[in-house]
Amino acid sequence: MAAKLLDSNGNLKPFRQWLNDVSSISTHHCGAWLRTEYDTAVIRAHNAADWQSFLHNKDVMPNLRWMPTTSPNPESSHEVYWKAKLTLPVDDPFWTKHHPGDRWNCKCSLEQTDDPVNRPSGLDDSVDQPQRGLENNPGKDGQTFSDNHPYYPASCSVCPFNKGSFKNRLLSFFSNHKKGKDCNNCPKVDKKLPSNQNKDNKKEKPMTTDERRFTELQGMSGKMRSDKLREIISDGTYKPVKDHKGVFARLGADSEPDYENQLFAADRAVEHGNTVYIMPNPGAPSPDLVFVRKNLIKDYELKTLQGKNSAGNRLKKSGDQSNRALLRMAVDYNARDLAKEVKKYFDKNPNGVEVLIYKGMKELSIRRRDLNKDFVKQFMYRYYK
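Residues numbered from 1 in each chain as written. Predicted model: local features only at pLDDT ≥ 70, side-chain atom pairs only at ≥ 80, totals over all residues. Heavy atoms only, no water.

Trainee: Could you give an account of the packing of aromatic side chains, naming the residues involved and the relevant values?
Mentor: According to the stated counting rule, one finds 13 aromatic pairs in the structure shown. Ring geometry for Tyr-345 versus Phe-346: centroids 5.2 Å apart, planes at 75°, classification edge-to-face. Classification of Tyr-345 by relative accessible area gives buried; the value is 4%. With 5.4 Å between their ring centres and 80° between their planes, Tyr-383 and Tyr-384 make a pair best called edge-to-face. Owing to a relative accessible area of 52%, Tyr-384 belongs among the exposed residues under this scheme. The structure contains a cluster of three or more aromatic residues connected by ring pairs, namely Trp-66, Tyr-81, Phe-94 and Trp-95. It is Arg-328 that lies over the ring of Phe-264; its NZ or CZ is 3.8 Å from the centre. (Phe/Tyr/Trp six-rings, centres within 6.5 Å; stacked < 30°, edge-to-face > 60°. Buried < 20%, exposed > 50% of the residue type's maximum accessible area, 1.4 Å probe, protein only. Lys NZ or Arg CZ within 6 Å of the ring centre and 35° of its normal.)

Trainee: Pulling in residues and values, what's your account of the pattern of salt bridges?
Mentor: What the rule picks out here adds up to 19 salt bridges. Across the salt bridge formed by Arg-213 and Glu-231, the nearest N and O atoms sit 3.6 Å from each other. Taken together, the positions of Arg-213 in helix α9 (residues 209-218) and Glu-231 in helix α10 (residues 222-233) put the pair 18 residues apart, joining distant regions of the chain. A salt bridge links Lys-303 to Glu-301, with the nearest nitrogen and oxygen atoms 3.3 Å apart. The two residues Lys-303 and Glu-301 agree in class, both being buried. One network of salt bridges, in which partners are shared, links Asp-210, Arg-212, Arg-213, Glu-216, Lys-228, Glu-231, Asp-235 and Arg-250. (Salt bridge = Lys/Arg side-chain N within 4 Å of Asp/Glu carboxyl O. Helix = DSSP H or I, 4+ residues; strand = E, 2+ residues; numbered from the N terminus.)

Trainee: Tell me about the environment of Leu-55, residues and numbers included.
Mentor: As for its placement among the helices and strands, Leu-55 is situated in helix α2 (residues 31-57). Residues Leu-55 and Asp-91, 36 residues apart in the sequence, show an inter-C-alpha distance of 8.6 Å. For Leu-55, the residues in contact, after removing those within four places along its chain, are Val-90 and Asp-91. (Contact = heavy atoms within 4.5 Å.)

Trainee: So what about the environment of Pro-89? Which residues, and what values?
Mentor: Within the element layout of this structure, Pro-89 appears in strand β2 (residues 87-89). What makes Pro-89 partly exposed here is its relative accessible area of 27%. With 24 residues separating them along the chain, Pro-89 and Thr-113 place their C-alpha atoms 9.4 Å apart. Residues within four places of Pro-89 in sequence aside, it is in contact with Pro-62, Asn-63, Trp-95 and Val-117.

Trainee: Pulling in residues and values, what's your account of the nonpolar core?
Mentor: As a rule of thumb, soluble globular proteins bury nonpolar side chains together. Grouped together as the largest cluster of nonpolar side chains are 21 residues, with contacts concentrated most on Leu-338, Val-355, Ile-357, Phe-379 and Tyr-383. Considering each element in turn, this core owes the most residues, 6 residues, to helix α13 (residues 335-348). Residue contacts for Ile-357: discarding those within four places in its chain leaves Leu-327, Met-329, Leu-338, Lys-362, Glu-363, Leu-364, Phe-379 and Tyr-383. The next biggest cluster of nonpolar side chains, apart from the first, holds 18 residues, and it includes Ala-249, Ala-265, Val-276 and Ile-278. (Core = buried A, V, L, I, M, F, W, Y, C linked by side-chain atoms within 4.5 Å.)

Trainee: Can you break down the side chain of Asn-261 residue by residue, with the values?
Mentor: Turning to its location among the elements, Asn-261 is positioned in helix α11 (residues 259-271). For Asn-261, a relative accessible area of 17% gives the class buried. Residues contacting Asn-261, with those up to four places away along its chain left out, are Leu-302, Thr-304 and Arg-328.

Trainee: Which residues make up α11, and what values do they have?
Mentor: For α11, with 13 residues, the first-to-last C-alpha span of 18 Å sits near the 18 Å given by 1.5 Å per residue. Among the residues making up α11, those that are buried are Tyr-259, Asn-261, Gln-262, Leu-263, Ala-265, Ala-266, Arg-268 and Ala-269. Close packing links the buried residues of α11 with β5 (247-249), β6 (275-278), β7 (289-293), β8 (296-305), β9 (324-329) and β10 (354-359). Directly after α11, the chain includes Gly-273, whose backbone phi takes a positive value near 95°. (Expected span 1.5 Å × (residues − 1).)

Trainee: An account of the pairing of β9 is requested, with residue identities and associated values reported.
Mentor: Counting buried residues in β9 gives 6 out of 6 residues, a clear majority hidden from the surface. The alternating pattern of β9 places Arg-324, Leu-326 and Arg-328 and Ala-325, Leu-327 and Met-329 on opposite faces, both of which are buried. Pairing geometry for β8 and β9, over 5 bridges, is parallel. Looking at β9, one finds that Glu-301 is bridged to Ala-325. With helix α12 (residues 311-316) bridging β8 and its parallel neighbour β9, the resulting β-α-β unit is right-handed. Sheet topology places β9 next to β10; 5 bridges connect them, and they run parallel. Opposite Leu-326, over in β10, you have Leu-356 as the bridge partner. Considered for its hand, the β-α-β crossover made up of β9, α13 and β10 is right-handed. (Pairing = 2+ DSSP bridges. Right-handed = clockwise from strand over helix to strand, strands pointing away.)

This is the structure we're talking about:
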């Protein structure tokens, strides 16, 4: 499945395309787990690339500092490292056993620095062990997952690709225990890979610049995501929209089916102090709108509510384009029902950061930290105020 992340030109496939390509071998998976596998593979690929940069620059900046997670709802496994500002040499053995990306959907990162080493006293690196399949450092061995991943057999002797005579299987059994299995480089597995069976297949259509940019954006968060958004809106193709001060779009954007809703929401956002960029609709999932206010940049997936019971269905389909949802209320809506649907959005979308609501001239921002025991009551007060 990891091998299918890239197309024939070496570009990362959008999640939906990858999901379709692995459908024949992923019937035992639920959609949420596949999304986690995809996101984790992309994160670890970025980490591997970062590691090569660390090695290249270690003569100038010899140490690495564990940086806080950007996850809106982090687990505590790595908290001890970034709270202590753990800083160790690039070549320290610690990084072989522990590293960002050694837990599913981990969004921690490393920062290269010339600051002095900080190895907190009493740090026990045997407590928080990597999750199964993520023990390896992909920057060191070039493997997305270790061969301890649940997909891999426990030994060569029980591997379905290791078919043959009893003698061969017996030799494999003893070879496995002597040298250790190496599933990622096994020639018997390589012979079964589709890439070796279908060499005459036509090359996949290469990604456009937009598809590549927005595909890369899907695996990013925090500063990395902000930088990518700034790159997108600064490519010179976004022009001021006539008669809509503070709104920018590409030529031909007005032919998109949701343009009027995007423009209406953009005008409201400008009234609240933002500069707004209306995003295109490429082959990859992309945000609908990008807001810029001073040094802050945010992207949103727009949902226009036109039915009195539509919030649940509209929010249920959110999450692929952005981790922020923007609800444009085009109909009167019961505040209690809306509050419950917003809470469901955060419950079902662990990466969700914000639900922004435009009700007339009012702007109402709901973040995960607002979901306390009195949330519904507080939401109703703010909604009707």
